[in-house]
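Okay, here's what each chain looks like letter by letter:
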Amino acid sequence: RGPFSGRDPNASYLSYVDDLVANFPSTVQSASEVDDSVTVYRQALVGAEDHSVAISSIGLLTNLKALLMSEADDISPLNGYDLVALKVKSLAVMGGKYPSSNGGSECNFCGC
């Protein structure tokens, strides 16, 4: 959908997004033009049948963390944890060094 628009004030700035926006055609040119990730997730989950959604995360888990920590709102009376428990049938995340990281942190898990 274009540039990241999330809720985590501690999220790292990812400069590659600027390169994507500058070098690939898109109607979206700024994060202010898109809904934040939690809104998109919550709207998609509310519209889905119970235990029908499969989520595959191949990058940082910032958006999933924000979803799980989200409070009830106008989209759903459920908090993020309960909404995910009700709607998601499977969740797969990528972590290249897990479980044999030899003591080093894996970027997708540590957010580095």
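Shown above is the structure to which this text applies.
These figures come from a predicted structure and were not determined experimentally.

Engineer: Teacher, can you tell me more about a nonpolar patch on the surface here?
Structural biologist: On the surface, Leu68, Met69 and Tyr81 cluster together into a nonpolar patch covering about 360 Å² of accessible area. Among the secondary structure elements, Met69 is positioned in helix 3 (residues 62-69).

Engineer: Sorry, what's going on with the nonpolar core here?
Structural biologist: Generally speaking, nonpolar side chains in soluble globular proteins are found buried as a group. By size, the foremost hydrophobic cluster in this structure holds 9 residues: Leu45, Ala48, Val53, Ile55, Leu64, Leu67, Leu83, Val84 and Val88. Those elements that provide at least two residues to this core are strand 1 (53-57), helix 3 and helix 4 (80-87). The contacts of Val84, once residues within four sequence positions are left out, are Leu45, Leu67 and Leu68.

Engineer: For this particular structure, what's the right way to read the packing of helix 2 (residues 37-46) against helix 3?
Structural biologist: Axes are the key here: two packed helices are described by the angle between their axes and the distance separating the axes. The N-to-C vectors of helix 2 and helix 3 enclose an angle of 65°; their axes lie 9 Å apart at closest approach. Seen along the crossing, helix 2 lies across helix 3 with a hand that is right-handed. On helix 3, the residues that touch Ser37, Val38, Tyr41, Arg42 and Leu45 of helix 2 are Asn63, Leu64, Ala66 and Leu67.

Engineer: So what exactly am I meant to see when it comes to the pattern of salt bridges here?
Structural biologist: The tally for this structure, following the rule as stated, stands at 2 salt bridges. As a salt-bridge pair, Asp73 and Arg42 come within 2.9 Å of each other at their nearest N and O atoms. Of this pair, Asp73 sits in the loop between helix 3 and helix 4 while Arg42 sits in helix 2, placing them 31 residues apart in sequence. Classification of Arg42 as buried rests on a relative accessible area of 0%. A salt bridge links Asp50 to Lys87; the nearest nitrogen and oxygen atoms lie 3.1 Å apart. Of the two residues, Asp50 sits in the loop between helix 2 and strand 1 while Lys87 sits in helix 4, which places them 37 residues apart along the sequence.

Engineer: It is not clear to me how helix 3 should be interpreted in this structure. Could you clarify?
Structural biologist: Note that an α-helix has 3.6 residues per turn; residues three or four places apart therefore point the same way. All buried positions along helix 3 are accounted for by Thr62, Leu64, Ala66 and Leu67. Those residues of helix 3 that are buried are in contact with helix 2, strand 1, helix 4 and strand 2 (88-93).

Engineer: Looking at this model, I keep getting lost on unusual backbone geometry. Mind explaining?
Structural biologist: Trans peptide bonds make up most of the peptide bonds, and negative phi angles are found at most residues other than glycine. Positive phi is not limited to glycine here, since His51 has a value of about 55°. For His51, the location among the structural elements is in the loop between helix 2 and strand 1.

About the thresholds
Residues numbered from 1 in each chain as written. Predicted model: local features only at pLDDT ≥ 70, side-chain atom pairs only at ≥ 80, totals over all residues. Heavy atoms only, no water. Patch = residues over 30% accessible without salt bridge, like charges linked within 9 Å, V, L, I, M, F, W, Y side chains within 5 Å. Areas by Shrake-Rupley, 256 points an atom, 1.4 Å probe, with all protein chains shown as cover. Salt bridge = Lys/Arg side-chain N within 4 Å of Asp/Glu carboxyl O. Helix = DSSP H or I, 4+ residues; strand = E, 2+ residues; numbered from the N terminus. Core = buried A, V, L, I, M, F, W, Y, C linked by side-chain atoms within 4.5 Å. Buried < 20%, exposed > 50% of the residue type's maximum accessible area, 1.4 Å probe, protein only. Contact = heavy atoms within 4.5 Å. Axes fitted to C-alpha atoms, helices over the stretch in contact; angles between N-to-C directions. Left-handed = near helix turned anticlockwise from the far one by under 90°.

By themselves, these observations are geometric and do not establish any function.
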